[in-house]
Amino acid sequence: KSAPRFFCMFPKAIWIHPVEVYRLWTSAFVHGGLLHIGFNMLNFVRSGNNLEHSLGTLRFLNLIVCFVTVLGFLYLGLAFAGRFWFRYAEWFKQCAVGFSGVIFALITVDSLNAPAGSAHSIFG
């Protein structure tokens, strides 16, 4: 197995081998290529810097851990719902990677944290 395949969010693997629940957290730190990780880093520096300054390092880290956990369980829940309730097995058999969901959540929190009426651009 390649590293991304071993650490990706793969609901079928978690269903067959429950010990592979570690994939809920490891999948956020594996990426699909240089462009994928590059854009994630670009957005993370922008929104992460603002949030870390306003929340503090420990609260910011806690927020990231919470988002990784919640989004991992959300993906897993959607995959199981698709497979067992709606007979749509595609998400159940796909290997998902990346930090993009967490970054979207961080951008949302950063936007909500901005002062009222301020212009906020994710492009700098």
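The residue count restarts for each chain, going from 1 along the sequence in the order it is written. Given that this is a predicted model, residues contribute local features only at a pLDDT of at least 70 and side-chain atom pairs are listed and counted only at 80 or more, while totals for whole chains, interfaces and linings are drawn from all residues. As a rule here, side-chain values cover all heavy atoms of the structure and leave hydrogens and water aside.

Quick notes on the confidence of the model for the protein
Right, so step 1: Across the protein, the average pLDDT comes to 86, with 92% of residues at 70 or higher.
Right, so step 2: When mean pLDDT is taken per element in the protein, helix α5 (residues 57-84) scores highest with 92 and helix α1 (residues 3-7) scores lowest with 74. What pLDDT conveys is the predictor's confidence in a given residue, as a value from 0 to 100. To qualify as a helix, a DSSP run of H or I must reach at least 4 residues; to qualify as a strand, a run of E must reach at least 2; elements of each kind are numbered from the N terminus.

A word on the packing of aromatic side chains
Right, so step 1: Only the six-membered ring of Trp is used, alongside the rings of Phe and Tyr, when aromatic pairs are assigned; centres must lie within 6.5 Å, and planes under 30 degrees apart are stacked while those over 60 apart are edge-to-face, with the rest tilted. Tallied over the full model, the rule gives 12 aromatic pairs.
Right, so step 2: Both rings, one in Trp-15 and one in Phe-80, keep their centres 5.5 Å apart while their planes meet at 65 degrees; by these two values the pair is edge-to-face. With a gap of 65 residues between them, Trp-15 in helix α2 (residues 11-16) and Phe-80 in helix α5 connect regions that are remote in the sequence.
Right, so step 3: Burial classes: relative accessible area under 20% of the type maximum marks a residue as buried, over 50% as exposed, and values in between as partly exposed (1.4 Å probe, protein chains only). Assessed through its relative accessible area of 51%, Trp-15 is described here as exposed.
Right, so step 4: Where Phe-84 meets Phe-92, the ring centres are 5.7 Å apart and the plane angle is 75 degrees; that geometry is what we call edge-to-face.
Right, so step 5: Taking the relative accessible area as the measure of exposure, Phe-84 reaches 32% and is therefore partly exposed.

What to know about the pattern of salt bridges
Right, so step 1: Counted as salt bridges are all cases of a side-chain nitrogen of Lys or Arg within 4 Å of a carboxyl oxygen of Asp or Glu. Scanning the model with the defined rule gives 2 salt bridges in all.
Right, so step 2: The shortest N-O distance in the salt bridge between Glu-20 and Arg-23 comes to 2.7 Å. As far as burial versus exposure is concerned, Glu-20 and Arg-23 are alike and both buried.
Right, so step 3: Residue Lys-93 is joined to Glu-90 by a salt bridge in which the shortest nitrogen-to-oxygen separation is 3.9 Å.
Right, so step 4: For Lys-93, a relative accessible area of 42% translates into the label partly exposed.
Right, so step 5: Looking at Glu-90, the relative accessible area reads 35%, which means it is partly exposed.

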